[in-house]
Each structure stands twice: as C-alpha cells, then as structure tokens.
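Architecture at a glance
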Amino acid sequence: MIEQLERCTASMRAAAESFPWQRRDAYAGWLAQTYFYVRHSTRLLACAGARFEHGERGDALHYRFAAHITEEKKHEQLCVHDLKQLGLSLDAFPERHSTRLFYEPQYYKIEHQSPSALFGYIVALEAFGPAYGPQIVQAVTGAFGPRCASFLELHAEEDEDHIQKALAMISTVPERERAWVLENLEQTTYAYQRLLADLASVA
C-alpha cells in the first residue's frame, strides 16, 4: 500500500509541477473546481460511514468516518474565500465535466463495491497536500499575496495526520476490499491528473 501510494503521489506531484499556478486564471479555475468536488467530501464520508456493518471492525470504521466529517466540514468555503482574495466569484466558473468525472464514481464505489473503497480517494488527495502543498502555497502567495491560499495552507498542514489515520484503518480492511482501495487510489490519481490537464488547457 505504501509503495503504491508513494508512486501515485509522485505522479500527482509531477502533474502539479507543470500546472501554471502563477497564472490568475489557472489558479482561480483550480480553486473553483476544487470547491465543486470538496463540497462532496462530507457527503461521501457520510454515505460510506452509514454502510459499514455492525461489529468491532465496522463500528471502528463508522466512527472514524464520522470523525472525519467534522474534520472536513466547510472546507470548500476556503476556496470561495481565496477566490474573493483574487477579486473573483465562484459564479464565474461552471462545474467542469472533468470535475464531475473525478468525484462522481465514488458514490458508485461506495454503493456497489464497498464503503472501504473510498479510502483510495481519501489517501490519494490527502497525500498530495503535504507532498506538494507548501510549494504551491509559495507560488500562489508570491504571485497574488498572502491571503489567497487558505485552502492550500490548511491541507498542507493537516492532511499528514489524516493519512496516518486512514492507513491505520485500511490495515483492518479485508484483502478483497483492500484491492478495491488500491484500484481507487490508481483511478483517483489518473482522474486528478486529467483534471489538472483540463484546467491548464483552458487557462
């Protein structure tokens, strides 16, 4: 799991390194599309958390997801704040197809594979923040000022703790379900790279 996560994180980092963060339209587009998928975070966690079976392992997973909901609450509003610091509004940015393609499959996986599959999506995103978030913060604050990166700053700092909690829980997941977690990790990595490429192409 660790080796695959490191490989996926490196792929996402490579995609991020080629993204034009210091272009206002590109960064603003990223903030807007991040808002659109992050607003589903608590709903995905609630959807998955409600489906874990009763019993020691299922209860532990259920309670972890419930706790994670409070940790992610209203994080999408940080994107709105950062857009305002750029002098822009969310209203100027429609949700893109690449964004919906990124998060919508998670509802299917929770319902038709296993709620544990969501861990693949979770660790892919939360490993990315600490791995490359500080560099992005430096780039965007250097270009646009110190008050436009609240979302990035929070996730560069907090997500390392979330990763460790997620990895500890994944270790309790049955082998068959762990395969779905790994598959989702790979899929999420691919989809996020495509999302960045789509945003870069229109910026």
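Refer to the structure printed above.
My aim in this report is to walk through the structure given alongside it, one point at a time. (Residues numbered from 1 in each chain as written. Predicted model: local features only at pLDDT ≥ 70, side-chain atom pairs only at ≥ 80, totals over all residues. Heavy atoms only, no water.)

A closer look at the pattern of salt bridges
Pairing is possible between side chains that carry opposite charge, provided their charged atoms lie close to one another. Inclusion rule: Salt bridge criterion: a side-chain nitrogen from Lys or Arg within 4 Å of a carboxyl oxygen from Asp or Glu. The buried label applies to any residue whose accessible area, calculated with a 1.4 Å probe on protein chains only, is under 20% of its type's maximum; exposed applies above 50%, and partly exposed to all values in between. Under the scheme used here, helices are H or I runs from DSSP no shorter than 4 residues and strands are E runs no shorter than 2 residues, and both carry numbers assigned from the N terminus.
According to the stated counting rule, one finds 10 salt bridges in the structure shown. Arg64 is the partner of Glu71 in a salt bridge, and the nearest nitrogen-oxygen pair spans 2.9 Å. We classify Arg64 as buried; its relative accessible area is 13%. Arg96 is the salt-bridge partner of Asp198, the closest N and O atoms lying 2.7 Å from each other. Of this pair, Asp198 sits in helix α9 (residues 175-202) while Arg96 sits in the loop between α5 (76-85) and α6 (97-112); the two residues are 102 residues apart in sequence, bridging distant segments of the chain. Assessed through its relative accessible area of 27%, Arg96 is described here as partly exposed. Each of Arg64, Glu71 and Lys165 takes part in a single network of salt bridges with overlapping partners.

A word on the side chain of Glu126
Spelled out, the test is: Charged residues are defined here as Lys and Arg on the positive side and Asp and Glu on the negative side; His and the ends of the chain fall outside this count. Residues adjacent in sequence count toward polar contacts only when both atoms are side-chain atoms; beyond that, a polar contact is any pair of N or O atoms within 3.5 Å, and within protein one must be able to donate a hydrogen and the other to accept it.
Structurally, Glu126 is set in helix α7 (residues 118-144). In this structure Glu126 is buried but unpaired, with Arg64 as the nearest side chain of opposite charge at 6.2 Å. One polar contact links Glu126 to His68, side chain to side chain, over a distance of 3.2 Å.

Section: the packing of helix α1 (residues 2-17) against α9
For the record, the criterion: Helix axes use the C-alpha atoms of the stretch in contact, all axes being lines fitted to C-alpha atoms, and the angles between their N-to-C directions lie in the range 0 to 180 degrees. Angles are sorted into four bins: roughly parallel if under 35 degrees, roughly antiparallel if over 145, roughly perpendicular if 65 to 115, and oblique for all others. Pairs of residues are marked as contacts when any of their non-hydrogen atoms sit within 4.5 Å. In the scheme used here, Gly and all other residues not listed as nonpolar or charged are polar, with Ala, Val, Leu, Ile, Met, Phe, Trp, Tyr, Cys and Pro taken as nonpolar and Asp, Glu, Lys and Arg as charged.
Where α1 meets α9, the closest approach of the two axes is 9 Å, and the angle between their N-to-C directions is 5 degrees. Taken as axis vectors, α1 and α9 run roughly parallel relative to one another. Where α1 approaches α9, its residues Gln4, Leu5, Arg7, Cys8, Ser11, Met12, Ala15 and Ala16 are matched on the opposing element by Leu182, Leu185, Glu186, Thr189, Tyr192, Gln193 and Leu196. For the contact of α1 with α9, the residue count by class is 9 nonpolar, 4 polar and 2 charged.

Concerning the packing of aromatic side chains
Describing an aromatic ring pair means giving the distance of the ring centres and the angle of the ring planes. Our working definition: Under the pairing criterion, centres of Phe, Tyr and Trp rings, with the six-membered ring standing for Trp, must be within 6.5 Å; the plane angle then separates stacked pairs below 30 degrees from edge-to-face pairs above 60, leaving the rest tilted. Charge-over-ring contacts are defined here by two conditions on Lys NZ or Arg CZ: a distance within 6 Å of the ring centre and an angle within 35 degrees of the ring normal.
Within this structure, the stated rule accounts for 14 aromatic pairs. A centroid spacing of 4.9 Å and a plane angle of 75 degrees characterise the contact between Tyr37 and Phe102, whose relative ring orientation is edge-to-face. Taken as a pair, Tyr37 in helix α2 (residues 24-38) and Phe102 in helix α6 lie far apart in primary sequence, 65 residues in all. Its relative accessible area of 5% is what places Tyr37 among the buried residues. Classification of Phe102 by relative accessible area gives buried; the value is 2%. Relative to Phe119, the ring of Phe65 has its centre 5.1 Å away and its plane inclined at 90 degrees; by these criteria the two rings are edge-to-face. Residue Phe65 is located in helix α4 (residues 56-72), and its partner Phe119 is located in helix α7; the two are separated by 54 residues in the primary sequence. Accessibility assignment for this pair places Phe65 and Phe119 in one class, buried. Among the aromatic residues, ring-to-ring pairing joins Phe19, Trp21, Tyr27, Trp30, Phe144 and Phe151 into one connected group. Over the aromatic face of Tyr190 sits the side chain of Arg194, whose NZ or CZ is 4.9 Å from the ring centroid.

A closer look at the nonpolar core
Rules: What makes a nonpolar core is a set of buried Ala, Val, Leu, Ile, Met, Phe, Trp, Tyr and Cys residues whose side-chain atoms join them at distances within 4.5 Å.
If you look at the biggest cluster of nonpolar residues, it comprises 65 residues, and the most contacted ones within it are Trp21, Tyr27, Trp30, Tyr37, Leu118, Phe119 and Tyr192. A per-element tally of this core places α7 first, with 15 residues. Residues in contact with Phe119, not counting those within four places in the same chain, are Leu61, Phe65, Ala166, Met169, Ile170, Val173 and Val181.

Points about α6
Condition: In a helix, the anticipated span is given by 1.5 Å times the number of residues less one.
The end-to-end C-alpha distance of α6, which contains 16 residues, comes to 23 Å, matching closely the 22 Å that a straight helix rising 1.5 Å per residue would cover. Where α6 is concerned, the buried positions are Ser98, Thr99, Phe102, Tyr103, Gln106, Lys109 and Ile110. For α6, the secondary structure elements touched by its buried residues are α2, α3 (41-49), α7 and α9.

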